[in-house]
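The chain contents come next:
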Amino acid sequence: MQSWITKYATGKKVLLLFVLCNLIYVIMLAFTIPKVMHFTEGMKLLDMMPGGYNFDYVRDLFTALGNKGRHAYLYQQIPIDMVYPALFAIAYCLLLAYFLGKLQKLNRPYIYLCFLPLIGGTADYLENIGIITLLNQYPEISGFTVQLTSVFSLIKSAATSIYFVALLVVLILLGIRWISRKR
């Protein structure tokens, strides 16, 4: 895996994947999420709850969504959100690898930080599968499925948060290095 990361963590590839990933993210934020949220009566979608959720929340959300909202969630938001996790995982893995390479730190143990987006992306897929299952089960949703899906939401959020802290630290170190070279 390390050789694959090293091979593909080049400037042009990283930039292309970063732009493509964030284009998909903007489409979700600007179009599909607001379209579904139109039906929620102010409630947040499960994908947008980094602290997780419980059975009552899911039931109340799906009730508030109604048939049209659940349909929009299942057939408009979720399909684009099945593309995003892979782009996020690969783009952000390679982005950190690229910057670690600039610091000559693209080796153990630092390379393991590049796996955080892969963990987050995998958890996002599992969260999406859980949401699809819950939407298809409604109104007979399973408490176990809600709990499991919520755990995947928490894992996604934790991996992503830790990743962005690591990325910020690496960017600060690069900035310090750049400033010290200018002097």
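Note that the coordinates shown come from a computational prediction; the quantities given were computed from them, not determined experimentally. (Residues numbered from 1 in each chain as written. Predicted model: local features only at pLDDT ≥ 70, side-chain atom pairs only at ≥ 80, totals over all residues. Heavy atoms only, no water.)

1. Observations concerning the overall build of the chain
Regarding its fold elements, the chain presents six helices and zero strands. Each helix and strand of the chain, placed in order from N terminus to C terminus, yields the pattern α-α-α-α-α-α. Expressed along its principal axes, the backbone C-alpha trace of the chain runs to roughly 60 × 30 × 30 Å. Within the span of the chain, comprising 183 residues, buried residues form 43% of the whole. Considering only contacts in the chain between residues 6 or more positions apart, those separated by 24 or more positions represent 78%. On the chain, roughly 10000 Å² of surface is accessible, and the fraction owed to carbon and sulfur atoms is 68%. (Helix = DSSP H or I, 4+ residues; strand = E, 2+ residues; numbered from the N terminus. Buried < 20%, exposed > 50% of the residue type's maximum accessible area, 1.4 Å probe, protein only. Contact = heavy atoms within 4.5 Å. Areas by Shrake-Rupley, 256 points an atom, 1.4 Å probe, with all protein chains shown as cover.)

2. Some thoughts on the state of the cysteines
Counted by the stated rule, this structure contains zero disulfides. The cysteine Cys21 is free of any disulfide, with Cys93 supplying the nearest cysteine sulfur at 12 Å. (Disulfide = S-S within 2.5 Å.)

3. Some details on the packing of aromatic side chains
A full pass over the atoms with the stated rule returns 11 aromatic pairs. With 5.9 Å between their ring centres and 40° between their planes, Tyr84 and Phe88 make a pair best called tilted. Highlighted residues: Tyr84 and Phe88, both in helix α4 (residues 84–102), separated by four residues, approximately one helical turn. Residue Tyr84 is classed as buried on the basis of its relative accessible area of 10%. Ring plane angle 90° and centroid distance 5.8 Å describe the contact between Tyr92 and Tyr163, whose orientation is recorded as edge-to-face. (Phe/Tyr/Trp six-rings, centres within 6.5 Å; stacked < 30°, edge-to-face > 60°.)

4. Digging into helix α5 (residues 116–137)
Compared with an ideal rise of 1.5 Å per residue, which puts 22 residues at 32 Å, α5 spans 31 Å between its outermost C-alpha atoms and is within 8% of the ideal. Inspection of α5 places Leu116, Pro117, Gly120, Gly121, Ala123, Asp124, Glu127, Asn128, Gly130, Ile131, Leu134 and Leu135 among the buried residues, and these make up the whole buried set. Those residues of α5 that are buried lie in contact with α3 (55–81), α4 and α6 (143–182). (Expected span 1.5 Å × (residues − 1).)

5. Examining the environment of Lys13
On the secondary structure map, Lys13 appears in helix α2 (residues 11–37). The exposure class of Lys13 is partly exposed, given its relative accessible area of 39%. Put simply, Lys13 and Leu94 are 81 residues apart on the chain and 8.5 Å apart in space, counted from C-alpha to C-alpha.

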